[in-house]
Amino acid sequence: MAIIEVNSPAVIKSQFQGTPHMIDLSILPAFLIVAVVLAASPGPDLLLISAYSSARGFTAGAMISLGIFTAGMVQTALVALGLGHIMQTMPLVALVVKLVGAVYLIWLGLSLLRNWRSNRVTQNNQPDTVVLPATQLIARGLLNNLMNPKALLFFSLFLPQFTVSSQAITPQILVLGVLLSITALAFNTLVSLSFSKLGKSLATQANIQRHLDGFLGVIFLGLASRLAFDR
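The shown structure was predicted, so the numbers you read here are calculated from the model rather than taken from an experiment.

A. The arrangement of the overall build of the chain in detail. A tally of helices and strands in the chain yields ten helices and zero strands. Counted from the first residue to the last, the chain has its helices and strands arranged as α-α-α-α-α-α-α-α-α-α. If you take every contact in the chain between residues at least 6 apart in sequence, the share linking residues at least 24 apart comes to 84%. Total accessible area on the chain stands at roughly 13,000 Å², and carbon and sulfur atoms take up 70% of it.

B. The packing of helix α4 (residues 58-81) against helix α8 (residues 149-158), seen in detail. Between α4 and α8, the shortest axis-to-axis distance is 9 Å and the interhelical angle comes to 55°. In terms of axis orientation, α4 runs oblique to α8. The way α4 lies across α8 gives a crossing that is right-handed. Here G72, Q75, T76, L78 and V79 of α4 lie close against α8, whose contacting residues are A151, L152, F155 and S156. Of the residues contributing to the contact of α4 with α8, the split by class is five nonpolar, four polar and no charged.

C. Highlighting a nonpolar patch on the surface. Side chains of L92, L95, V96, L99 and V100 sit close together on the surface and give an oily, nonpolar patch of about 430 Å² of accessible area. Mapped onto the secondary structure, V96 falls in helix α6 (residues 91-120).

D. Just the layout of surface pockets, in detail. Looking at the largest pocket, its volume works out to about 900 Å³. The set of elements that each furnish at least two residues to the lining of the largest pocket consists of α2 (28-40), α3 (44-56), α4, α6, α7 (134-146), α8, α9 (169-205) and α10 (209-229).

E. Seen up close, the nonpolar core. Judged by nonpolar contacts, the single largest core of 20 residues is most densely connected at Y52, I64, L108 and F220. Counting residues per element, the ones that place at least two in this core are α3, α4, α6 and α10. No other element matches α3, which puts five residues into this core. Sequence-distant contacts of Y52, defined by excluding residues within four places in its chain, comprise G57, A60, I64, L108, L112, L132, L137 and R140. Among the nonpolar cores identified, the runner-up in size contains 13 residues, and A35, V79, F162 and L176 belong to it.

F. Up close: the packing of α3 against α4. The geometry of α3 relative to α4 is characterised by a closest axis approach of 6 Å and an angle of 155° between their N-to-C directions. One finds that α3 runs roughly antiparallel with respect to α4. Crossing hand, α3 versus α4: right-handed. Counted together, D45, L48, I49, Y52, S53 and R56 of α3 and F58, A60, G61, I64, S65 and I68 of α4 form the full contact between these two elements. Of the residues in the contact of α3 with α4, the class split is seven nonpolar, three polar and two charged.

Calculation rules
Residues numbered from 1 in each chain as written. Predicted model: local features only at pLDDT ≥ 70, side-chain atom pairs only at ≥ 80, totals over all residues. Heavy atoms only, no water. Helix = DSSP H or I, 4+ residues; strand = E, 2+ residues; numbered from the N terminus. Contact = heavy atoms within 4.5 Å. Areas by Shrake-Rupley, 256 points an atom, 1.4 Å probe, with all protein chains shown as cover. Axes fitted to C-alpha atoms, helices over the stretch in contact; angles between N-to-C directions. Parallel < 35°, antiparallel > 145°, perpendicular 65-115°, else oblique. Left-handed = near helix turned anticlockwise from the far one by under 90°. Nonpolar A, V, L, I, M, F, W, Y, C, P; charged D, E, K, R; others polar. Patch = residues over 30% accessible without salt bridge, like charges linked within 9 Å, V, L, I, M, F, W, Y side chains within 5 Å. Salt bridge = Lys/Arg side-chain N within 4 Å of Asp/Glu carboxyl O. 1 Å grid on protein atoms, 1.4 Å probe; cavity = no way out; pocket = protein on both sides within 12 Å on 5 of 7 lines; lining within 4 Å. Points joined across faces, edges and corners; volume = space filled by probe spheres on them. Core = buried A, V, L, I, M, F, W, Y, C linked by side-chain atoms within 4.5 Å. Buried < 20%, exposed > 50% of the residue type's maximum accessible area, 1.4 Å probe, protein only.

Structure, rendered in structure tokens:
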């Protein structure tokens, strides 16, 4: 049984704030505001969501968002287990993850370029849109996020800033990571809805969907180069 120091200010404070080992509710508004700002920041995840939503509809974007949410949960668990700290102290681990991520982005970019080339030679007036299964879309969003070591390093640096030292750190990291991932999921779902409507509107004006895969292929190859050579 743990011995509680009655005259400890931290213990008295935690009794009024709620259950021990939970986050400090006073910092929750600031954390959620920052989480929304971070979710709205342009990056590979937002690019992937907007592209698939506009080209393949809301469901595709929502599945990509779900994959990114799953990646956030995985990263939260890894940070709680200390992997983020290991990556900071052992650059070789981060380098391996970065190179694997670059290879994945190259594969994705080349696949999109092949799809674009196939669509170009299609004689139909309408673009030959390939319907991807939900599991493949979720996996694509998951890998797109997990294969970027900066995402895990960010989690390991960002989440501890909103913890309090008077309580256990690991449960706080888990709760904050879940809240951050849920906030990002909500925002990404709205982005999926918005870009799916935009894609439908553009498709009625011009046959541009046929060229989206080619554009995305070039973008992902550029992201792969950036990830591979970025220090």
